[in-house]
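A closer look at the structure
So you can see what is in the structure, the chains are spelled out below.
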Amino acid sequence: MNCVFVAAVSLAQLISAALKQRGALVVTLVLLASTSNTVEAAKWISPDKSPSDSRDYRVITLRNQLQVMLVSDPVTDKAAAALDIAVGSGADPQGYEGLAHFLEHMLFLGTTKYPDAGAYQAFIQQHGGNHNAYTSFDHTNYFFDIEASALEPALDRFASQFVSPLFNETYVEREKNAVHSEFTAKLKDDSRRYFSAVKESMNPAHPYSRFSVGNLETLANRDNTSIREVLLEFYEKNYSANRMKLVILGKEPLDELEQLAKDKFSAIKNRRLPALTYTQPLFLEEQLPSLQQIEPLMNKRSLTLTFPVPSAKAHYDSKPLYYLANIIGHEGNGSLLSYLKARGWVDSLSAGSGLEVGTQATFDIGLNLTPDGQTHWQEVVKTVFVYLDMLKTQPLCKHCFNEQKQMLELSFNYLERSEPMHYVTMLASQLHEVPARRILKSGFMMSTFKPELIKKYLGLLNENNLLVTLMAPGVASEQRTRWYETPYALVTQSAQIRGLSGKHTGQLPFRLPDPNPFIPEKLAMVEGGDVRIPELLDLDEGFLSWYAKDTSFQTPKADIFVNFRSPIANNTARHHVMTALMASLINDNLNEFAYPAYLAGLSYQLYPHVRGISVKISGYSDKQNLLLTEILSTLKYSAFVRARFDIYKQNLQRSLENSKKQKPYQQAIAKTSELLVSPSWSDEEKLRELESINFEELVAFRTRWLQALDVLMLQNGNLNRSTALNHGAIVKQLITEQAQFASVSRSQVAKLKKGTQGFELQIDHPDSSLVLYYQGENKSYREQARYLLLTQIISSPFYEQLRTEKQMGYIVFASPYSLFDHPGIAFIVQSPAHSPSDILQASQQFFADHLVNITKMGDAEYAQHIKGIISKLEEKEHTISDRSNRYWIELDRDNATYDWREQIVASLKQLSKAEFVKFFEEALVKQSNALVVFNQGKQLTATADTKPAIKLFSAKQALW
């Protein structure tokens, strides 16, 4: 029985009611009220949930005023929990910027009950789980998932972090270095640099305008006060149970989950702290309108119009900003984007809520500019205001609102399951924002059309309430931000911006969106039994089609995959580049037609890969045939436009050039793959070929590309056999019947020689990086299982040793590195203070030392590691697309039995500890089949001992 009590009963109401009874009762009630922090509140709330949601929910409040949401899911194989505290970087004390972020780091590193700094992470890892945290302006969120049977001990460790964290002095100094490494790792990150400049345009009295990451300077000891003392004071003044929201998801019944919450989290101190509020305006009245110009490191061009507005969080049931975002950001015929693309000024446009800082927010319109758009950026801004003026002067689009409302209702009614960790993380944050009763539904509510509220927000989108930010090469940039040295220029009260607004004379080039023809109408589930795995539907030379009817997720959705494999897609660097250009132009031609389908819950992807181009359609199965027909017709017949070709050629050139400005470890990972996979082409090779490709050559290339194909198709979901056959007939009629068959093999992987080989990258970055890759001996299931288990066992201690103990850097991790089913493992480190040689030596020493620990590992611990990785492999799919993607990967392996997971699990169960210890020694300690890709940080002196003393990698390797 659901027992729902009104939560907002005041003490005065209780006493008033009691006065009508006997005097003794008055005393009892007053005593109960005065000790409300020690007596459990006898009330709980059942949130409104989707009719397709089989989980059970309950929201309770513990005696320490911690609100807890409980989610019971008897069929889940992963449990999860998240705790969100309404405190973030906005609460940083002046001069100690980054302190909230630093506290987030420190909370993981040992508690009174579990003093070992790595105990929490190790336990989560052993039991097939993951954990992390983030700090935003007004929230800090901690979260984890784990195999469902381990929830209780995991919660015990998790809760202990909020009950009795140690903030050990030793780790205070070490974690300061980790925060500093996180800061330095992103010194050349354009997004960080962008926001550091934007903050300069804001009200300096608003906490959001301050630096928030932290580094060794802001977290230094000073004035005879250690940073640990400051940290403890911040913790005492800000962390309190009444500012926290907790979500626990497990397979246990609600009553058991409630008892777990009470047992584990009631001990968190309630300091009865008031909610943090930020009343300062984000922008001062005298600052706007402002024009800010920012010089990026990468070759990129963006224009952002930022309008300060009141937060719309309280209007979750009518969503005025969501309505405006859908109209302004529409990409169909007659839209703002359509006009700007036709002028050759803009590639893409987005609109919607930007910052949310309590009662204040921003509405942002972001545009990616072409080089010509940079030249005409003022005209782009003028055009935006012409469009906004149209919206202000015309009646609001009622059918647009109704369509948005209808699609949100459909999404709620056929709600797909989120991955547990992501789900609890989102819910814990949302509990601060909306009533518990509406927590599950609030994101899908659009119940009331409020034209006056929409008009109020629309009226704030004006030239006097605006920050225009132009980020592009060569713009005015006389100033520098303090922490990131971002070049920028800022003009407040800009007459130039005011002059860009004005009424449009003549016929408007815009119109509001037409009624959406893709809104799904047939939502019934297909009758008949489901197919266990895809079955062969059609087999012709050059065309292979697989089909599975799957209604087990009880959602009227399906996925269609079509892989067009061409022997000339990637056989040369020139053809690789031309295939990429061709895919871009096809997507460009499709955009206006397909955008309404996207709004109606029917999305598509068309993307190039090493064997050709693939098409994926996902969403409501009704009307998928319309989208499939248009995509294939566009692929085959649509005319390319020379001006768009020029723009996408420039885009690809910028992308290839910008790859040299990615983070060092990202470049090292990409180079590792390039060295090992054949055929593959360097960015330099692609750029050389791109330069001479012309429009006529690309047009002719598409014709050749489509003449010989090998086509693979998969359909899965709410589709009957006749519908699937019809989809296949569309593919055959439009594409394959006019093409010859040509088999296209999978890529090959270089077979590494015995020993360790190296490749040095030249990167303009202060940090060093190193990727240490070990390759398996073969592609057998047993070898793949051994490398997966190796990652499971070693990743947590590797992180603990090199990041926490050795303080090598913020970016430290071990990851499976399988290339076309050829197993391997990669150890990745990016360091601001250590050379590649130091990193390699520390890694190799760790492997040697850890061999001892592996040898001494008890049978129970070894078995738990096996169980942990099996739990990851056997994790249930949450959506129809999760399952379809697994099938698609199996088909790419040419494995029509779809049993890769089962084969790996069987191999793991047969893998003895003795065999694994021997494998560990051969693979890591004796350093067989290894590749090191590294760069020397610019802030380190390049001496002989800073680079690994290893032989250089030879490009002429044998292939598997």
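In this text the structure is predicted, and so the values were computed from the model without any measurement. (Residues numbered from 1 in each chain as written. Predicted model: local features only at pLDDT ≥ 70, side-chain atom pairs only at ≥ 80, totals over all residues. Heavy atoms only, no water.)

1. Some words on the state of the cysteines
Basically, it comes down to this: Disulfide: a pair of cysteine sulfur atoms within 2.5 Å of each other.
Tallying each qualifying case throughout the model produces 1 disulfide. Across the disulfide, Cys397 is cross-linked to Cys400 (sulfur-sulfur distance 2.2 Å). Torsion about the S-S bond of the Cys397 and Cys400 cystine: about 70 degrees, corresponding to right-handed handedness.

2. Let's talk about the sheet that holds strand S26 (residues 811-816)
Basically, it comes down to this: In this analysis, strands are considered paired if DSSP registers two or more bridges between them. Secondary structure is summarised from DSSP: a helix means a run of H or I of at least four residues, a strand means a run of E of at least two, and numbering begins at the N terminus for each.
Taken in spatial order, the 6 strands line up as S26-S27-S25-S28-S24-S29 in an open sheet, and their pairing is mixed. Every interior strand has two partners, whereas the edge strands, S26 and strand S29 (951-952), have only one.

3. Overview of empty space enclosed by the protein
Note the threshold: Cavities and pockets are found on a 1 Å grid laid over the protein atoms alone: a cavity is a set of points where a 1.4 Å probe fits but cannot escape, a pocket is an open set with protein on both sides within 12 Å along at least five of seven lines, and a lining residue has an atom within 4 Å of such a point. Grid points are joined across faces, edges and corners, and a volume is the space filled by probe spheres set on the points.
Going through the model one piece at a time under the given rule, you end up with 2 cavities of 30 Å³ or more. If you add up the space inside the largest cavity, you get close to 60 Å³. In this structure, the largest cavity is lined by Phe108, Gly110, Thr111, Tyr114, Asp116, Ala119, Tyr120, Arg157 and Gln161. Mapped onto the lining of the largest cavity, the elements with two or more residues apiece are helix H4 (119-126) and helix H5 (151-163).

4. Focus on the nonpolar core
Worth spelling out the cut-off: Throughout, nonpolar core names a set of buried Ala, Val, Leu, Ile, Met, Phe, Trp, Tyr and Cys residues whose side chains join them through atoms within 4.5 Å. For each residue, the accessible area found with a 1.4 Å probe, counting protein chains only, is set against the maximum for its type, and the residue is called buried under 20%, exposed over 50%, and partly exposed in between. Contacts are assigned to residue pairs with any non-hydrogen atoms lying within 4.5 Å of each other.
Core analysis: the largest hydrophobic core is formed by 73 residues, its most contacted members being Phe144, Phe158, Ile248 and Phe265. For this core, the element with the most residues is H5, which contributes 6 residues. When neighbours within four sequence positions are excluded, Phe265 is seen to be in contact with Leu62, Asn64, Leu66, Leu83, Leu155, Phe158, Ala159, Leu246, Ile248 and Leu260. Phe564, Met578, Ile586 and Tyr604 belong to the second-largest nonpolar core, a separate cluster that totals 54 residues.

5. Focus: the pattern of salt bridges
Put simply, the rule is: Salt bridge, as used here, is a side-chain nitrogen of Lys or Arg placed within 4 Å of a carboxyl oxygen of Asp or Glu.
Within the structure shown, the criterion is met by 53 salt bridges. Measuring nitrogen to oxygen at the nearest pair gives 3.9 Å for the salt bridge that ties Asp683 to Lys686. With Asp683 and Lys686 both in helix H22 (residues 683-692) and 3 residues apart, the pair spans about one turn of that helix. For the pair formed by Asp683 and Lys686, the shared burial category is buried. Among the salt bridges present, the one from Arg886 reaches Glu877, with a minimum N-O distance of 2.4 Å.

6. Details of the packing of helix H25 (residues 781-805) against helix H30 (residues 913-925)
Helix-helix packing is characterised by the crossing angle of the two axes and by the distance between the axes. Under the convention used in this document: Only the stretch in contact is used when a helix axis is fitted, and all axes are lines through C-alpha atoms; the angle between N-to-C directions ranges over 0 to 180 degrees. An angle below 35 degrees is read as roughly parallel, one above 145 as roughly antiparallel, one from 65 to 115 as roughly perpendicular, and any other as oblique. Ten residue types, Ala, Val, Leu, Ile, Met, Phe, Trp, Tyr, Cys and Pro, are classed as nonpolar, four, Asp, Glu, Lys and Arg, as charged, and the remainder, Gly among them, as polar.
In contact at an axis separation of 11 Å, H25 and H30 are set at 85 degrees when each is read in the N-to-C sense. Taken together, the axes of H25 and H30 lie roughly perpendicular to each other. Taken together, the residues of H30 that come into contact with H25 (itself represented by Arg782, Glu783, Arg786, Tyr787, Leu789, Leu790, Ile793 and Ile794) are Glu915, Phe916, Phe919, Phe920, Ala923 and Leu924. The residue makeup of the contact of H25 with H30, split by class, is 10 nonpolar, no polar and 4 charged.

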